[in-house]
Amino acid sequence: MEATMLRKALTWSMLMGFASFIIIHASAENYEMGRHQFSGGGRFRDDMRKMQEFKASLIRHDSISAAPPSVSPSPSPSYVDPSPGRNSARVYHVTSYGADPTGERDSTDALAEAIADACRGPTEGFLIDGIANLGGAQISLEGGYYRISRPLKLPAAGVGNLMIYGGTLRASDDFPTSGYLIDLSASSSPNENEKTYESSISTQLSSSSSYNYEYITLRDLMLDSNYRGGGISVINSLRTSIDNCYITHFTTNGILVQSGHETYIRNSFLGQHITAGGDHGERNFSGTAINLMGNDNAVTDVVIFSASVGIMISGPANILSGVHCYNKATGFGGTGIYLRLPGLTQTRIVNSYLDYTGIVAEDPVQLDISNTFFLGDAYIVLKSIKGVANGVNIVNNMFSGSNKGVGIVQLDQSKGPFKDIGQIVVDRNNARGMNIKSTVGRRSVQGNGTSWTIDFNPVLLFPNLIKHVQYTLSTGGNAFPNHALRNVSNNRVVIESSVAVPASVFATVDQGVAN
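Residues numbered from 1 in each chain as written. Predicted model: local features only at pLDDT ≥ 70, side-chain atom pairs only at ≥ 80, totals over all residues. Heavy atoms only, no water.

A. Local environment of the environment of Ile 304. Considering the arrangement of structural elements, one finds Ile 304 in strand β13 (residues 298-306). Taking relative accessible area as the criterion, Ile 304 reaches 0% and is therefore assigned buried. Excluding residues within four positions of it along the chain, Ile 304 makes contact with Leu 270, Ala 289, Ile 290, Gly 310, Ile 311, His 324, Cys 325, Tyr 326 and Asn 327. (Helix = DSSP H or I, 4+ residues; strand = E, 2+ residues; numbered from the N terminus. Buried < 20%, exposed > 50% of the residue type's maximum accessible area, 1.4 Å probe, protein only. Contact = heavy atoms within 4.5 Å.)

Here's what the structure looks like:
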C-alpha cells in the first residue's frame, strides 16, 4: 500500500515538473514578443490555456489528495490574461496604449486614447438624468511619470463613475499657459467658462441634465504644471472627488471649481513653489491654489504651502475643515483664504490652521470661523464693499503673534464704512502677543464721585457702535444713591449717580445684538 502511494506521488511530481517546464519554456519564447502583444491574445493565449487545462487535469486525476469519486471535481480554471492592457475588465492601463512612464516621450495621445476608450466602455444605466454610468471604470497610470503637451479631457460630456489614479503628470515646455493638466469641462477652454457665479448658476439650475459629469474621481496623482497654467479644472460637474493629490508649479489655479455641486477636495497638497519655508522663490508666488466658484463644496485636510491666494471662494455654502495654509502670504502681500462673495457668504471655516497668513471676507453674511489657530500675527479682515456685515461668528479661535500690537480681527473700510451691522459675534477668542478685538466688551472702573466713564475702544471691533449695555454699581458706604446710564457714544459708557460716592462700576457691552 505504501509502495503504491509512493509510486503515485513520484509520478505526479514528474508530471508536474514537466508541465512547469513547458509553461516556463513557452513563456520564455513569447516574452520577447513584447508586452503589447502579450496582452492582445493570439497563439500565446491558446498555449497558456492548454497548459492550464493540462495541469488541472493532472492535479484532478493524479493528486494524492484528490476528491472522492462521489464529489464532483472543480471545473478547470479558465485563463485570465494577467498583463495590463485595454482588454482588462474596466481597468485601462495607459502603458498598453503606448504611454511612456519615464516621461522622456510625450504621452498625450496615448493617455487621451485610454480616456476615450474608458468613456466608450459599457454603461450600466444612468446616474443623474443625462449622465451615463460607466460602472466604475478605472484609468491606471501605473505609477508612471508622463509628459503631456495639452490638457487631458474627457471626449464628451454626459458620463460618470470613472476614476483616474496612480501616477504623475507633467506639463511639457509647450503646454498652453491657459490650460489645465486635467480638464473636466465640456468646452474647448476652461477660461471661456470663467464667468460670474450668478450667470452660471442660473443655467445649471434650469435642468438636471445640464451637468457635464458626475462622480469623477481623481486620486493618488502628482500634477506638475511646470509653471504653465493650472492643475485641475472642474466645470459644472456633480460629486467630483479629488483625493490625495499633490499639485505644484501652477501659475493660474491649482484647482478650479466652477458651478456644479459637491466637489470634495481632501488629503491633498498644493503649492506653486515646492518649499517648507526659507525658499526665496516663494516670495514671487502668483496664482490661487484652490478657486471655488461654485457652491456646496468641501475642502478637508488640505495643505497649501505656496500661492498668492491659498483658497479663493466666490460661491456660497462651502466648508473648509482641517485646512493648513502655510503660504505665508500675509507677510509677502497675499492672502490665505479670500471670501469674495459680498452679501451671501454662507461659508464655514473650522478646525483649520492659518500659518503666517490670514483670512479676508468681503461684506460677510452668514460666516463662521471657529476652532482655528492663527500663527505669526495672522488675522481676520472684514472688508466693506457695500457696508454689510450680518450673521458672523468668529469664536473659539487661538491667535499667536510677536507683540507688535496686531489686532486679531480688523476692518477694511477703504471703500466705505460698515453701516448694516447685525448678529455679529466676535468673542471667546484667546490671543498671545496680539490684541484682542471683540463685539463684546467687559470692563470696570473705580472712583469717588458722581460720574464713571468706561472706554471700550481698545476692545470693540466696530467704532462708535454699542447696541446693548449692562452695568452694576457697587459702593461700600452707607449711601444708597440713585444712578443711571447717562451716555453711550464713541464706544464709551458713562454712568452717573445723584450724590458723590466711592464706587466700583462694572459694565458689559455688546455690538452684535440682533436687529
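B. Focus on the environment of Asp 117. By the secondary structure assignment, Asp 117 is in helix α4 (residues 108-119). Along the sequence, Asp 117 and Arg 90 sit 27 residues apart, while their C-alpha atoms lie 9.6 Å from each other. Here Arg 120 takes part through its side chain, which lies 2.7 Å from a polar atom of the side chain of Asp 117. (Polar contact = N/O pair within 3.5 Å; in protein donor to acceptor, adjacent residues only side chain to side chain.)

C. Local environment of the pattern of salt bridges. Per the counting criterion, the structure on display carries 13 salt bridges. Between Asp 224 and Arg 170 there is a salt bridge, and its shortest N-O distance comes to 3.6 Å. Of this pair, Asp 224 sits in strand β7 (residues 213-224) while Arg 170 sits in strand β5 (residues 159-171); the two residues are 54 residues apart in sequence, bridging distant segments of the chain. Taking relative accessible area as the criterion, Asp 224 reaches 9% and is therefore assigned buried. Overall, the relative accessible area of 22% leaves Arg 170 in the partly exposed class. Salt bridges sharing partners connect three or more residues here, namely Glu 214, Arg 239 and Glu 262. (Salt bridge = Lys/Arg side-chain N within 4 Å of Asp/Glu carboxyl O.)

D. Here's a closer look at the environment of Ser 444. Along the polypeptide, Ser 444 turns up in strand β29 (residues 440-455). As a C-alpha pair, Ser 444 and Phe 506 span 62 residues in sequence and 4.2 Å in three-dimensional space. Ser 444 has contacts with Val 505 and Phe 506, leaving out every residue within four places of it along the chain.

E. Structural context of the pairing of strand β31 (residues 483-489). Pairing analysis gives six bridges linking β31 to strand β32 (residues 492-510), with the strands arranged antiparallel. Bridge pairing in β32 links His 483 to Ser 497. The antiparallel hairpin formed by β31 and β32 contains two residues in its connecting segment, where Asn 490 sits at a positive phi of about 50°. (Pairing = 2+ DSSP bridges.)

F. Quick look at the sheet that holds strand β6 (residues 180-184). The parallel open sheet is built from ten strands, whose spatial order is β4-β6-β8-β10-β12-β14-β17-β20-β23-β26. The outermost strands of the open sheet, each flanked by one partner alone, are β4 (152-153) and β26 (409-412). Strand direction decides the pairing type here: strand β8 (residues 230-235) and strand β10 (residues 253-261), joined by four bridges, are parallel. In the sheet register, Ile 232 faces β10, and the bridge partner there is Ile 255.

G. Region of interest: the side chain of Asn 295. Summarising the element assignment, Asn 295 is placed in strand β12 (residues 288-295). Since its relative accessible area comes to 9%, Asn 295 is described here as buried. At 3.3 Å, the side chain of Asn 295 forms a polar contact with the side chain of Asp 296.

H. Just empty space enclosed by the protein, in detail. Evaluated as defined, the whole model comprises one cavity of 30 Å³ or more. As a volume, the largest cavity reaches approximately 60 Å³. Lining the largest cavity, in full, are Val 94, Leu 111, Ile 115, Ile 139, Leu 141, Leu 152, Ile 164, Leu 169 and Ile 182. Where the lining of the largest cavity is concerned, the elements lending two or more residues are α4 and β5. Looking at the lining of the largest cavity residue by residue, the class counts come to nine nonpolar, no polar and no charged. (1 Å grid on protein atoms, 1.4 Å probe; cavity = no way out; pocket = protein on both sides within 12 Å on 5 of 7 lines; lining within 4 Å. Points joined across faces, edges and corners; volume = space filled by probe spheres on them. Nonpolar A, V, L, I, M, F, W, Y, C, P; charged D, E, K, R; others polar.)

I. Inspection of the packing of aromatic side chains at higher detail. Considering all chains together, one arrives at six aromatic pairs under this definition. Considering the side-chain rings of Tyr 246 and Phe 305, the 5.9 Å spacing of their centres and the 55° angle between planes classify their relative orientation as tilted. Of this pair, Tyr 246 sits in strand β9 (residues 241-248) while Phe 305 sits in strand β13, and the two are 59 residues apart along the sequence. Relative accessible area serves as the criterion here: at 7%, Phe 305 is assigned to the buried category. Arranged with centres 5.4 Å apart and planes meeting at 25°, the rings of Tyr 353 and Phe 373 form a pair that is stacked. With Tyr 353 in strand β19 (residues 353-355) and Phe 373 in strand β22 (residues 373-375), this residue pair connects regions lying 20 residues apart in the sequence. With relative accessibility at 25%, the residue Tyr 353 sits in the partly exposed group. Here the basic side chain of Arg 219 rests over the ring of Tyr 165, its NZ or CZ set 5.5 Å away from the ring centre. (Phe/Tyr/Trp six-rings, centres within 6.5 Å; stacked < 30°, edge-to-face > 60°. Lys NZ or Arg CZ within 6 Å of the ring centre and 35° of its normal.)

J. Expanded view of the confidence of the model for the protein. Of the residues in the protein, 77% reach a pLDDT of 70 or more, and the chain-wide mean stands at 83. Segment residues 14-42: pLDDT under 50, and 30 contacts once partners within four positions in sequence are set aside and those in other chains are kept. Scored below 50 in pLDDT, residues 188-208 shows 38 contacts in the model against residues more than four places distant or in partner chains. (pLDDT = per-residue confidence, 0-100.)

K. Layout of unusual backbone geometry. Phi at Asn 236 takes a positive value of approximately 50°, unusual for a residue other than glycine. Tracing the backbone through its elements, the reader meets Asn 236 in the loop between β8 and β9. Its identity is not glycine, yet Glu 262 carries a phi of approximately 60°, on the positive side. Among the residues examined, Glu 262 registers a relative accessible area of 28% and is labelled partly exposed.

L. Spatial organisation of α4. In this model α4 runs 16 Å from its N-terminal to its C-terminal C-alpha over twelve residues, within 8% of the 16 Å that 1.5 Å per residue would give. The element α4 is largely enclosed, with a buried count of nine among its twelve residues. By the burial criterion, the buried members of α4 are Thr 108, Ala 110, Leu 111, Ala 114, Ile 115, Ala 116, Asp 117, Ala 118 and Cys 119. Those residues of α4 that are buried lie in contact with β1 (91-93), β2 (132-140), β3 (145-148), β4 and β5. (Expected span 1.5 Å × (residues − 1).)

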